Amino acid sequence: MMVVNKVGRIVPSFVENLGEFQPYAGLFATPPTGNHYAPPIRRYPGTGKKLLASLRDAILASGLKSGMTISFHHHFRNGDMLVNMVVEEIAALGLKDITLAPSSLQSIHQALIPHIRSGVISAITTSGLRGELADVLTRESLLKSPVVIRSHGGRARAIAAGELKIDVAFLGASAADVYGNMNGIHGPAACGSLGYAMVDAQYADCVIGVTDNIVPYPALPISISQTQVDFVVQVDKIGDPKGIMTGATRLTRDPLELHIAAQAMRVIEASGYFREGLSFQAGTGGASLAVAKFLKERMMDTGIRGGFCTGGSTGYICDMLQEGYFSAILDTQCFDLAAVESLRTNPRHVEMSASFYANIHGKACTAHITDIMMLGATEIDTAFNVNVLTGSDGIMMGASGGHSDTAAGTKLRLVTAPLIRGRFPIVVDNVHTVVTPGECIDVLVTERGIAVNSTQPALQERLNEAGIMTVSIEELQWRAEKLTGKPEPLAQSEDIVALVEYRDGTLIDVVRRVL
Amino acid sequence: MSKPLRRSMLFVPGNNPALIVDAPVFLPDSIILDLEDAVTVNQKDAARELVVHALRTLDFGSCEVCVRINGRHTPFFTDDVRTLVPARPHALRLAMVESAEDIVCLDELLGRCESEAGLPVGAIKIMAAIETAKGVVNAPSISLASPRLVAMSFGAEDFTNSIQSERTPQGQELLFARTAVVLAARAAGIDPIDTVFSLVDDDTGFRADVRVAKQLGFAGKSCVHPRQIALVHDVFRPTPEEVHRAERVLAAYTKALQQGTGVIAVDGRMVDGPIVTKAQRIVDIANSSKNSQNWRAQ
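Here is what the cut-offs are and how they apply
Residues numbered from 1 in each chain as written. Chains lettered and ligands numbered in written order. Predicted model: local features only at pLDDT ≥ 70, side-chain atom pairs only at ≥ 80, totals over all residues. Heavy atoms only, no water. Helix = DSSP H or I, 4+ residues; strand = E, 2+ residues; numbered from the N terminus. Rg over C-alpha atoms; globule rule 2.2 N^0.38 Å. Buried < 20%, exposed > 50% of the residue type's maximum accessible area, 1.4 Å probe, protein only. Contact = heavy atoms within 4.5 Å. Areas by Shrake-Rupley, 256 points an atom, 1.4 Å probe, with all protein chains shown as cover. Salt bridge = Lys/Arg side-chain N within 4 Å of Asp/Glu carboxyl O. Core = buried A, V, L, I, M, F, W, Y, C linked by side-chain atoms within 4.5 Å. Domains from an automatic or database assignment. Pairing = 2+ DSSP bridges. Buried area = accessible area lost by both parts, 1.4 Å probe. Polar contact = N/O pair within 3.5 Å; in protein donor to acceptor, adjacent residues only side chain to side chain. Expected span 1.5 Å × (residues − 1). Arc of directions from axis to C-beta. pLDDT = per-residue confidence, 0-100. Patch = residues over 30% accessible without salt bridge, like charges linked within 9 Å, V, L, I, M, F, W, Y side chains within 5 Å. Right-handed = clockwise from strand over helix to strand, strands pointing away.

## Some remarks on the overall build of chain B
Then comes step 1: Counting secondary structure elements, chain B contains 12 helices and 10 strands.
Then comes step 2: The C-alpha radius of gyration of chain B comes to 20 Å, within 12% of the 19 Å expected for a compact globule of 298 residues.
Then comes step 3: Seen along its three principal axes, the alpha-carbon backbone of chain B occupies a region of about 65 × 45 × 40 Å.
Then comes step 4: Across the 298 residues that make up chain B, the buried fraction comes to 53%.
Then comes step 5: Within chain B, contacts between residues separated by at least 24 positions form 69% of all contacts whose residues are at least 6 apart in sequence.
Then comes step 6: Only carbon and sulfur atoms are counted for the fraction: they give 55% of the accessible area of chain B, which is about 13800 Å².

Quick look at the structure:
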């Protein structure tokens with residue numbers, strides 16, 4: 001049966017093989033139920049040594065069977081080798097009907113396509129999908145149930161609640177000891193924070209640590225503890241450093257992105273949240289990261305100093321910490337080696353789990369106490385609903401990430417985006433896929449104008465007082481369409497290829513198969 | 001109504017649609033769609049058509065829109081003018097102007113084309129680009145060659161070639177020519193526009209160069225990259241103290257006119273015609289800056 005949710009999307013109330021779903025009803029409208037999940041108690045050898053000879057041995061030792069769920073983190077990004085290696089091994093063992101539950105998937109995981117076609121993998125839940133894998137899964141109904149898209153906080157919540165029960169977690173680490181203490185800071189495949197993996201380590205029935213760098217006990221700092229890890233495996237190579245990260249993320253030099261960032265800084269300054277102790281989450285896209293540059297300049301001019309930075313980290317933000325512009329970084333993932341170095345050396349730069357970051361049903365999450373959040377968008381509609389998952393062709397190409405988590409809790413939620421991307425306007429009548437509801441977006445900043453959500457009259461007034469010209473979002477849409485024309489509606493079938501969960505587990509939208 | 005500001009004149013290659021569409025976003029005072037150096041010989045026709053289409057269809061907001069056309073002695077000159085006039089740019093910037101005849105020739109051709117297009121004769125203005133030793137020497141007569149002339153720009157790259165010298169960071173080789181262009185333009189009541197600064201990543205060097213241009217008397221600077229626009233506006237923007245004093249001068253002057261009093265003074269300093277004119281210019285620039293969307297301009 002299909003129902004209409006609060007953002008007007010038609011979503012199923014029951015999905016075969018996945019069960020019942022509630023429709024999205026509002027940011028904090030659906031109360032949690034039940035208890036936290038707990039993994040089984042097992043007996044471990046007195047020596048505590050957990051090192052096994054191979055991935056195959058670890059899979060066998062874990063008791064993995066057909067029909068079970070395996071998980072991974074995506075801290076190795078497009079340099080990840082572990083997911084493909086493990087699935088190859090599982091296929092070789094003749095296992096089928098596996099649910100793949102990584103924190104996200106990248107282009108490199110297109111190697112999974114044959115294993116999806118052959119039935120080794122029959123279900124997927126992830127934050128995002130990219131490249132050929134995303135293309136295939138949007139154009140064909142290959143899985144026994146739709147892909148379930150979850151935000152970072154939503155995934156942490158679902159795992160903690162036992163909605164996403166992980167049978168075996170394969171957690172890569174760039175350094176580990178034989179007792180299962182692990183980190184992502186040392187070693188050739190250093191990736192920095194292991195924030196997304198921490199939730200899997202806590203709740204999976206069986207945790208297998210995989211590394212290419214065994215170090216003497218104890219592997220310090222301990223990001224994932226020996227108390228959570230069942231087995232450790234050493235492989236030749238766990239990731240390609242080139243695909244994991246660059247040396248230091250360079251600030252954009254694109255004048256359009258810099259212009260958008262400069263406008264966003266004006267909005268921040270006028271909003272009232274540019275004040276002593278401000279907390280901030282920079283995005284990673286060109287314009288949103290560049291806001292940090294202007295923020296730093298204004299902090300320099302005014303003497304204002306920030307409290308904590310949250311989310312992912314780049315070298316630029318880490319430099320701001322080092323120079324005293326912020327007092328701490330709470331980090332779920334490092335985006336460059338400069339950030340890894342900061343995590344390694346600066347005691348005020350610490351890792352946090354995805355649950356600590358953004359779990360709506362955790363006892364506290366950073367996303368709910370942050371002042372300013374820079375958000376991106378592939379599309380935004382006139383009700384300010386945001387799509388960060390599907391492209392203008394309807395194909396999945398992005399990730400839910402922490403978008404809806406941070407938008408729900410942060411005080412000032414700015415979307416920065418070019419008004420025209422490629423040949424397409426970014427402002428549309430209705431986004432193809434709602435990931436973040438418009439009720440928690442305050443303002444859209446583009447190179448051709450700024451639009452404040454009409455639900456935020458106080459912010460509108462502050463911008464007016466500061467002399468910042470704004471227009472309606474419909475005016476921005478008109479300005480874009482004057483240059484691009486109105487896009488034709490996409491041809492899609494009725495088949496649902498992905499369910500988009502809101503962070504509380506309700507369904508906010510679906511992705512339909514593109515024809 | 002105060003005269004339009006020409007602090008920043010952004011060059012945009014006439015064969016690059018994406019850059020043309022985005023140019024007004026950066027709020028330069030003027031946009032110069034370039035059909036000359038930025039466009040190779042085999043793309044001249046296509047670029048000309050693209051520029052005409054852009055002039056007819058795009059909204060450039062409050063920006064003055066000019067087209068840099070190829071020099072009078074090139075095979076593209078006549079076609080450039082004939083094709084562009086019906087699309088009605090605000091002005092044409094003629095490259096490599098060396099004599100008053102170059103401007104007279106363009107003026108006459110523009111007049112014929114305007115009549116054919118049903119436009120009032122004189123609607124389209126002219127900017128003269130002085131880029132050679134000969135052009136510098138003839139700058140005074142060039143600056144008076146046509147009532148259409150609204151600005152005279154200086155181009156250092158071709159100029160240094162013509163005097164068989166090289167550009168240096170210090171710019172001594174340009175000092176006489178820059179000053180000559182400023183004097184000729186100011187004497188004729190038109191805007192002198194300084195040469196481009198090509199090192200787009202060197203903000204410090206660019207800012208210093210703009211300061212020199214402002215001090216020499218230029219009204220603005222040609223820009224080759226959008227990031228230079230805010231820097232130019234920043235240098236040309238009067239300080240709050242300058243604006244405050246200028247406003248008081250104008251207020252005192254207005255009051256004196258109303259009351260029919262003679263000589264007036266502000267802060268013990270006599271206010272006469274040139275002081276009032278300067279005060280008006282400062283207030284005009286300050287008001288224009290206020291309207292800018294660039295955050296640094298606030």
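## Details of the pattern of salt bridges
Residues and elements named next belong to chain B.
Then comes step 1: Taken as a whole and assessed by the stated rule, the structure comprises 53 salt bridges over all chains.
Then comes step 2: A salt bridge links Asp34 to Arg68; its shortest N-O distance comes to 2.9 Å. Residue Asp34 is found in strand β2 (residues 30–34), and its partner Arg68 is found in strand β3 (residues 64–69); the two are separated by 34 residues along the sequence. Neither Asp34 nor Arg68 differs from the other in exposure class; each is buried.
Then comes step 3: Arg245 is the salt-bridge partner of Asp267, the closest N and O atoms lying 3.5 Å from each other.

## Quick word on the nonpolar core
Nonpolar side chains in soluble globular proteins tend to end up buried together.
Residues and elements named next belong to chain A.
Then comes step 1: One finds Ile70, Leu100, Phe170, Phe280 and Leu414 to be the most contacted residues of the largest nonpolar core, which totals 153 residues.
Then comes step 2: Considering every element that reaches this core, the biggest residue donor is helix α8 (residues 255–271), with 9 residues.
Then comes step 3: In this structure, this core is formed jointly by two domains, domain 1 (49–244) and domain 2 (255–484), each of which donates at least three residues.
Then comes step 4: Residues within four places of Phe170 in sequence aside, it is in contact with Leu55, Ile59, Ile70, Ser71, Phe72, Leu82, Val86 and Ile208.

## Examining the sheet that holds strand β23 (residues 386–387) of chain A
Residues and elements named next belong to chain A.
Then comes step 1: With mixed pairing, 3 strands are arranged side by side in an open sheet as β23-β22-β27. Since the sheet does not close on itself, it has two edges, and those belong to β23 and β27 (427–428), each with one partner.
Then comes step 2: Pairing of strand β22 (residues 379–381) with β23 involves 2 bridges; the strand directions are antiparallel. Within β23, the position partnered with Ile380 by the bridge is Val386.

## A short note on the interface of chain A and chain B
Then comes step 1: Listed as interface residues are 19 residues of chain A and, on the opposing side, 16 residues of chain B.
Then comes step 2: Taking both partners together, chain A and chain B bury about 1500 Å²; carbon and sulfur atoms supply 54% of that area.
Then comes step 3: Our enumeration of links across chain A and chain B arrives at 3 salt bridges.
Then comes step 4: In this structure, the salt-bridge partner of Arg448 of chain A is Asp22 of chain B, at a minimum N-O distance of 3.0 Å.
Then comes step 5: Seen at the junction of chain A and chain B, the total is 4 residue pairs in polar contact (both at pLDDT 80 or more).
Then comes step 6: Where the side of chain A that touches chain B is concerned, the elements lending two or more residues are α8, α9 (286–302) and α15 (473–484) of chain A.
Then comes step 7: Ranked by residues supplied to the side of chain A that touches chain B, first place goes to α8 of chain A with 7 residues.

## Concerning helix α11 (residues 240–259) of chain B
Residues and elements named next belong to chain B.
Then comes step 1: Over its 20 residues, α11 runs 28 Å from end to end, which matches the ideal 28 Å to within 8%, given 1.5 Å per residue.
Then comes step 2: Those residues of α11 not exposed but buried are Val243, Ala246, Val249, Leu250 and Ala256. Projected down its long axis, α11 carries its buried residues within an arc of 155°, all on one side. Across α11 from its buried face, at more than 90 degrees, point the exposed residues Pro240, Glu241, Gln258 and Gln259.
Then comes step 3: Residue Gly260 follows α11 closely and has a positive phi angle near 65°.

## Brief notes about the domain arrangement of chain A
All names here are of chain A.
Then comes step 1: On domain assignment, one finds that chain A holds domain 1 (49–244) and domain 2 (255–484).
Then comes step 2: The C-alpha-based centres of domain 1 and domain 2 are spaced at 29 Å.
Then comes step 3: In this assembly, 35 residues from domain 1 lie in contact with 30 residues from domain 2.
Then comes step 4: Summed over the three residues of domain 1 that lose the most area to domain 2, namely Ile185, Ser193 and Tyr196, the buried surface amounts to 20% of that side.
Then comes step 5: Taken together, domain 1 and domain 2 are joined by 0 salt bridges.

## Some points on the domain arrangement of chain B
Then comes step 1: Each domain of chain B was delimited in the assignment, giving domain 1 (8–236) and domain 2 (240–297).
Then comes step 2: Inter-centroid distance (C-alpha atoms) of domain 1 of chain B to domain 2 of chain B is 30 Å.

## Some thoughts on the confidence of the model for chain B
Then comes step 1: Averaged over all residues, the pLDDT of chain B is 92; the fraction at 70 or higher stands at 96%.
Then comes step 2: Low confidence marks residues 292–298 of chain B, where pLDDT is under 50. Its contacts with residues over four positions away, or in another chain, come to 27 contacts.

## Remarks on a nonpolar patch on the surface
Residue and element names in this part refer to chain A.
Then comes step 1: On the surface, Met2, Val4 and Ile10 cluster together into a nonpolar patch covering about 280 Å² of accessible area.
Then comes step 2: With respect to the helices and strands, the residue Met2 is situated in strand β1 (residues 2–4).
Then comes step 3: Among the residues examined, Met2 registers a relative accessible area of 40% and is labelled partly exposed.

## Some thoughts on unusual backbone geometry
All names here are of chain A.
Then comes step 1: Pro218 follows Tyr217 through a cis peptide bond whose omega is -5°.
Then comes step 2: Within the element layout of this structure, Pro218 appears in the loop between β13 (206–211) and β14 (231–234).
Then comes step 3: The omega angle of the peptide bond from Leu220 to Pro221 is -5°, so this bond is cis rather than trans.
Then comes step 4: Here Pro221 lies in the loop between β13 and β14.

## Brief notes about the pairing of strand β8 (residues 121–126) of chain A
Residues and elements named next belong to chain A.
Then comes step 1: Within β8, 6 of the 6 residues are buried, leaving the element largely enclosed by the surrounding structure.
Then comes step 2: Bridge count for strand β7 (residues 98–100) against β8 is 3 bridges, and the pairing is parallel. Looking at the pairing, Ile98 lines up with Ile121 of β8.
Then comes step 3: With 2 bridges joining them, β8 and strand β9 (residues 147–149) adopt parallel strand pairing. What sits directly across from Thr126, in β9, is Ile149.
Then comes step 4: On the question of chirality, the crossover connecting β8 to the parallel β9 by way of helix α4 (residues 131–139) is right-handed.

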